[in-house]
Amino acid sequence: GKSDLVTCARALVRAKESMAKELPKNHRFVLMTYLRRPETFKFQWDNKRKDVQAQDKALDILENNSFVSLDSTINLFSQEIDDGSFMALWDLVIAQGAHSFVTCTRKGVENSCPAAEICKACNHLGTFAHWAISLREIQNKTSEHCWPTL
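One structure accompanies this document, and this report is about it. Everything quoted here is computed from the prediction, not taken from an experiment.

1. Quick word on the packing of aromatic side chains
Then, number 1: The tally for this structure, following the rule as stated, stands at one aromatic pair.
Then, number 2: For the ring pair Phe128 and Trp131, a centre distance of 6.4 Å and an interplane angle of 65 degrees mean the geometry is edge-to-face. Taken together, the residues Phe128 and Trp131, both in helix H7 (residues 128-138) and three residues apart, mark about one turn of the helix.
Then, number 3: Among the residues examined, Phe128 registers a relative accessible area of 29% and is labelled partly exposed.
Then, number 4: Its relative accessible area of 49% is what places Trp131 among the partly exposed residues.
Then, number 5: A cation over a ring is seen here: Lys16 above Phe67, with NZ or CZ 5.3 Å from the ring centre.

The following block contains the structure:
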């Protein structure tokens, strides 16, 4: 089943710490989702959940662990953008330029993913992540279909 946002945020931190061991010290981790405080954004991180306090705590955990949110990269455009289709395209642009790309996909969860349970609980296992990985493969870039062992 679905996990709570705070548990998911902590799992992301553990995944980041695991990956950071193999990357340069100042490597930036961009979280490929739109993170805004619930009171300031109409498409809440998880709009099915009304627990604003948990959303704020989860966002605090991610911010305090130096995650770069996708929406913070949009500030380059000097205007507010809340169009979901633009965000999806921007997500793909960032994914294509990334040195490394780790996500949770249905393929990863079904094929011996070390973090399968938390991946299923904290992610929507649709086709978008698979498309991002497929586009990276065209560029001969490697990607992971599952978070590392937590």
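2. A few points about the state of the cysteines
Then, number 1: Applying the stated criterion to the full structure yields three disulfides.
Then, number 2: Each sulfur in the disulfide pair Cys8 and Cys122 lies 2.0 Å from the other. The S-S bond linking Cys8 to Cys122 shows a torsion near -90 degrees; that makes this disulfide left-handed. Placement of the pair is Cys8 in helix H1 (residues 5-20) and Cys122 in helix H6 (residues 116-122), with a sequence separation of 114 residues. Here Cys8 and Cys122 have matching classes, each one buried.
Then, number 3: Between the sulfur atoms of Cys104 and its disulfide mate Cys119 the distance is 1.9 Å.

3. Focus on the environment of Leu31
Then, number 1: The residue Leu31 is located in strand E1 (residues 29-31) in this model.
Then, number 2: The exposure class assigned to Leu31 is buried, which follows from its relative accessible area of 11%.
Then, number 3: Sequence separation between Leu31 and Leu70 is 39 residues; the distance between their C-alpha atoms is 6.1 Å.

4. Brief notes about the packing of H1 against helix H2 (residues 52-64)
Then, number 1: With their axes 8 Å apart at the nearest point, H1 and H2 run at an angle of 10 degrees to one another. Classified by the angle their axes make, H1 and H2 are roughly parallel. Contacts from Leu5, Val6, Ala9, Arg10, Leu12 and Val13 in H1 reach Ala54, Gln55, Lys57, Ala58, Ile61 and Leu62 in H2.
Then, number 2: Among the residues forming the contact of H1 with H2, the class breakdown is nine nonpolar, one polar and two charged.

5. Digging into the nonpolar core
Considering soluble globular proteins, one finds that nonpolar side chains tend to be buried as a cluster.
Then, number 1: Of all hydrophobic cores here, the largest spans 27 residues; its most connected members are Phe67, Cys119 and Trp147.
Then, number 2: Of all elements in the fold, only H1, E1, H2 and H6 reach the threshold of two or more residues within this core.
Then, number 3: By residue number, the principal contributor to this core is H1, which donates eight residues.
Then, number 4: In this structure Phe67 touches Leu12, Val13, Lys16, Phe29, Leu31 and Leu62, once residues within four positions along its chain are discounted.
Then, number 5: One finds Ala95, Phe101, Ala132 and Ile133 within the second-largest nonpolar core, a separate group that totals five residues.

6. Overview of the pattern of salt bridges
Then, number 1: Inspection of every chain in the model, using the stated rule, returns one salt bridge.
Then, number 2: One salt bridge connects Glu117 with Lys120, and the closest N-O pair in it is separated by 3.4 Å. Note that Glu117 and Lys120 are positioned in helix H6 at a spacing of three residues, about one turn of the helix.

Reading guide: rules and limits
Residues numbered from 1 in each chain as written. Predicted model: local features only at pLDDT ≥ 70, side-chain atom pairs only at ≥ 80, totals over all residues. Heavy atoms only, no water. Phe/Tyr/Trp six-rings, centres within 6.5 Å; stacked < 30°, edge-to-face > 60°. Helix = DSSP H or I, 4+ residues; strand = E, 2+ residues; numbered from the N terminus. Buried < 20%, exposed > 50% of the residue type's maximum accessible area, 1.4 Å probe, protein only. Lys NZ or Arg CZ within 6 Å of the ring centre and 35° of its normal. Disulfide = S-S within 2.5 Å. Axes fitted to C-alpha atoms, helices over the stretch in contact; angles between N-to-C directions. Parallel < 35°, antiparallel > 145°, perpendicular 65-115°, else oblique. Contact = heavy atoms within 4.5 Å. Nonpolar A, V, L, I, M, F, W, Y, C, P; charged D, E, K, R; others polar. Core = buried A, V, L, I, M, F, W, Y, C linked by side-chain atoms within 4.5 Å. Salt bridge = Lys/Arg side-chain N within 4 Å of Asp/Glu carboxyl O.

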